[in-house]
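Here are the chains, one letter per residue:
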Amino acid sequence: MHSVDYFRTHFVTYLEEKIFTKEPKNLYDPITYILELGGKRLRPVLTLMTAEIFNTDFTKALDAALAIEVFHNFSLVHDDIMDDAPLRRGMPSVHEKWNINTGILSGDAMLINAYQLFENYESETFRALAQLFTKTAIEVCEGQQYDMDFETRDDVTIPEYLKMIDYKTAVLVGAAMKMGGIIAKASQEDQNRIYDFGRNLGIAFQLQDDYLDAFGNPETFGKQVGGDIIENKKTYLYLRALELGTKSQVRELTDLYSIQPNDVTHKIDTVKEVFMDTGAVTDAKSAISEYTQKAFKVLEELNIPTENKKVLREFGEGLMQREV
């Protein structure tokens, strides 16, 4: 098995070969811009890795991997518009660098480009990839709508939150892995199992991201620690603290989530104390472990060599031990 870094390097090289400027520039330059901003490239790496896990030349999965990455970045372009986010990966977001209309249209073109990449596969594989992609794409949209709805609701439950992150984040991780299985012509059972592995790992990944947003190392996290607190995001930590907290803790938390002070340091520090004192942090870590173990349990049923199962387990453990 090749390493994650090898897959990432090979994918980035392929990406750079495929993106180039063409007319009209105001449509295609923003696409090149967002795709070159970098990122972890987690999803395309998983597509390539899964193809090799099922004993297939991973280069056959490069177009599917690129489709996943293009779609993911399309969703970021539109998310940034909806959130009015000025930055993406430390650089101006597309709608800030150009304008909102350009961001919408370039994003639309990226979605279409993602579908076009599946045309490079034989008809049966194309059909399976397109069906999975369509299902996943609409679920991501549903997840984004849930996230937007939560901004104006005060009665969000943890099961609702878990469904939101499942749709907004985890299903795309599952789909990325299943696409590798489809291209490798794995059995339907193994395709579904690797999808479940990725989906559970995706939920654990997002819960870990929630935790790191509040308690990560500022030097390694890559963005402002406490960003979710500043934006009054109803994360797992917040919702669990409301469930576990005393009346005074709940009142303090809801009061802090109703203000936008000029100096956010006190707000962040106080909210983090409530998260710790209520036991929300402990519960979040337990939830991360629970979904990681659900993913690992699926590995036992996969019809792949033991050494390949070990690679997937080590990958999952590495994700959960990250500080970025």
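The structure under discussion appears in the preceding block.
Description of the structure in this document. On a predicted model such as this, the values are computed, not experimentally measured, just so you know.

## So, the packing of aromatic side chains
Now for step 1: Inspection of every chain in the model, using the stated rule, returns 11 aromatic pairs.
Now for step 2: Measuring from ring centre to ring centre gives 5.9 Å for tyrosine 6 and phenylalanine 58, while their planes differ by 80°; the resulting arrangement is edge-to-face. Taken together, the residues tyrosine 6 in helix H1 (residues 4-18) and phenylalanine 58 in the loop between helix H3 (42-53) and helix H4 (62-83) connect sequence positions 52 residues apart.
Now for step 3: Judged by relative accessible area, tyrosine 6 falls into the partly exposed class, the value being 36%.

## Comments concerning the environment of alanine 85
Now for step 1: Examined against the element boundaries, alanine 85 turns out to sit in the loop between H4 and strand E1 (87-88).
Now for step 2: When the C-alpha atoms of alanine 85 and alanine 186 are compared, they prove to be 40 Å apart, with 101 residues separating the residues in sequence.
Now for step 3: Those residues in contact with alanine 85 that lie beyond four places of it in its chain are Asp80, Ser93, His95 and Glu96.

## A few points about H1
Now for step 1: Between its first and last C-alpha atoms H1 spans 21 Å; for 15 residues at 1.5 Å apiece the expected length is 21 Å, and the two agree.
Now for step 2: Restricting attention to buried positions, one finds in H1 the residues Phe7, Phe11, Tyr14 and Leu15. All buried residues of H1 lie within an arc of 105° about the axis, which places them on one face of the element. Opposite its buried face, H1 presents the exposed residues Asp5, Thr9, Glu16 and Glu17, each directed more than 90 degrees away.
Now for step 3: Residues of H1 that are buried make contact with helix H2 (25-35), H3 and H4.

## Comments concerning the side chain of threonine 270
Now for step 1: Structurally, threonine 270 can be placed in helix H13 (residues 265-278).
Now for step 2: Residue class for threonine 270 comes out buried when judged on its relative accessible area of 10%.
Now for step 3: Residues in contact with threonine 270, not counting those within four places in the same chain, are Glu252 and Leu256.

## Overview of the environment of phenylalanine 150
Now for step 1: By the secondary structure assignment, phenylalanine 150 is in helix H7 (residues 123-150).
Now for step 2: Between the C-alpha atoms of phenylalanine 150 and glutamate 160, which are 10 residues apart in sequence, the distance is 9.3 Å.
Now for step 3: Filtering out sequence-adjacent residues up to four positions away, phenylalanine 150 remains in contact with Val156, Glu160, Tyr161, Met164 and Lys234.

## Focus on the pattern of salt bridges
Now for step 1: What the rule picks out here adds up to 16 salt bridges.
Now for step 2: Between aspartate 147 and lysine 168 there is a salt bridge, and its shortest N-O distance comes to 2.6 Å. Separated by 21 residues along the polypeptide, aspartate 147 in helix H7 and lysine 168 in helix H8 (residues 158-183) bring together distant segments of the chain.
Now for step 3: Between aspartate 190 and arginine 193 there is a salt bridge whose closest N-O contact spans 3.0 Å. You can see aspartate 190 and its partner arginine 193 sitting in helix H9 (residues 188-215), 3 residues apart, about one turn around the helix.
Now for step 4: With relative accessibility at 4%, the residue aspartate 190 sits in the buried group.
Now for step 5: Using a relative accessible area of 22% as the deciding quantity, one classes arginine 193 as partly exposed.
Now for step 6: Members of the salt-bridge network, linked through shared partners, are Asp147, Lys168 and Lys233.

## Description of the nonpolar core
Now for step 1: Residues Phe197, Leu207, Phe275 and Leu312 are the most contacted members of the largest nonpolar core, which totals 106 residues.
Now for step 2: Residue contributions to this core peak at 16 residues, all from H8.
Now for step 3: Leaving out residues up to four positions away in the same chain, leucine 312 has contacts with Met49, Ile53, Met177, Ile194, Phe197, Phe296, Leu299, Leu302 and Ile304.

The rules behind these values
- Residues numbered from 1 in each chain as written.
- Predicted model: local features only at pLDDT ≥ 70, side-chain atom pairs only at ≥ 80, totals over all residues.
- Heavy atoms only, no water.
- Phe/Tyr/Trp six-rings, centres within 6.5 Å; stacked < 30°, edge-to-face > 60°.
- Helix = DSSP H or I, 4+ residues; strand = E, 2+ residues; numbered from the N terminus.
- Buried < 20%, exposed > 50% of the residue type's maximum accessible area, 1.4 Å probe, protein only.
- Contact = heavy atoms within 4.5 Å.
- Expected span 1.5 Å × (residues − 1).
- Arc of directions from axis to C-beta.
- Salt bridge = Lys/Arg side-chain N within 4 Å of Asp/Glu carboxyl O.
- Core = buried A, V, L, I, M, F, W, Y, C linked by side-chain atoms within 4.5 Å.

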